[in-house]
Amino acid sequence: MPIVRLGENESFENAMKKFKKQCEREGILTEVKKREQYDKPSVKKKKKSIAARKKALKKTSFRRER
């Protein structure tokens, strides 16, 4: 759980920036997005294979350009 302590002359905006940065580092937002919607195991597997295919294609196309 991110905790932000305010200094004497620190503004709310600065505290909010620190809080958001801590949340990002801890991966809270990505975890929330992951839990928003349930995906069946078959859908997860399909997404994973599509992502791997895209990554492989991107890797080979990058090498050709050089």
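Right above here is the structure, for reference.
Let me begin by describing the structure that accompanies this report. All figures in this text were calculated on a predicted structure; none of them were measured in a lab.

Cut-offs used in this document
Each chain has its residues counted from 1, running along the sequence as written. In keeping with the predicted nature of the model, local features appear solely for residues at pLDDT of at least 70, side-chain atom pairs appear and are counted solely at 80 or more, and the whole-chain, interface and lining totals rest on all residues. The side-chain figures draw on all heavy atoms in the structure; neither hydrogens nor water molecules are used. Patch definition: residues above 30% relative accessible area lacking any salt bridge, with like charges linked at up to 9 Å and the nonpolar side chains Val, Leu, Ile, Met, Phe, Trp and Tyr linked at up to 5 Å. Surface accessibility follows the Shrake-Rupley procedure with a 1.4 Å probe radius. Residue values consider only the protein chains on display as shielding. Salt bridges, as used here, are contacts in which a Lys or Arg side-chain nitrogen is within 4 Å of a carboxyl oxygen on Asp or Glu. Starting at the N terminus, helices and strands are each numbered in turn, a helix being any DSSP run of H or I of at least four residues and a strand any DSSP run of E of at least two. Burial status follows relative accessibility: with a 1.4 Å probe on protein chains alone, a residue under 20% of its type maximum counts as buried, one over 50% as exposed, and anything between as partly exposed. Within this scheme a cavity is a closed region of a 1 Å grid, computed over the protein atoms alone, that accommodates a 1.4 Å probe without allowing it to escape, whereas a pocket is open but has protein on both sides within 12 Å along at least five of seven lines; lining residues each have an atom within 4 Å of a point. Grid points are joined across faces, edges and corners, and a volume is the space filled by probe spheres set on the points. Amino acids outside the nonpolar list (Ala, Val, Leu, Ile, Met, Phe, Trp, Tyr, Cys, Pro) and the charged list (Asp, Glu, Lys, Arg) are all regarded as polar, and Gly is one of them.

**Some details on a nonpolar patch on the surface**
Phase 1 of the analysis: On the surface, a cluster of nonpolar side chains totalling about 300 Å² of accessible area is made up of Phe12, Met16 and Phe19.
Phase 2 of the analysis: Turning to its location among the elements, Phe19 is positioned in helix H1 (residues 12-26).
Phase 3 of the analysis: Residue classification places Phe19 among the partly exposed residues on the basis of a relative accessible area of 33%.

**Some words on the layout of surface pockets**
The probe, sized like a water molecule, is rolled over the atoms to show the empty space still left.
Phase 1 of the analysis: For the largest pocket, the calculated volume is near 160 Å³.
Phase 2 of the analysis: Lining the largest pocket, in full, are Lys33, Lys34, Arg35, Gln37, Tyr38, Asp39 and Lys44.
Phase 3 of the analysis: The element that contributes the greatest number of residues to the lining of the largest pocket is helix H2 (residues 28-36), accounting for three residues.
Phase 4 of the analysis: Each residue belonging to the lining of the largest pocket can be placed in one class, and the counts come to one nonpolar, one polar and five charged.

Remember, this is a structural readout, not a statement about activity or role.
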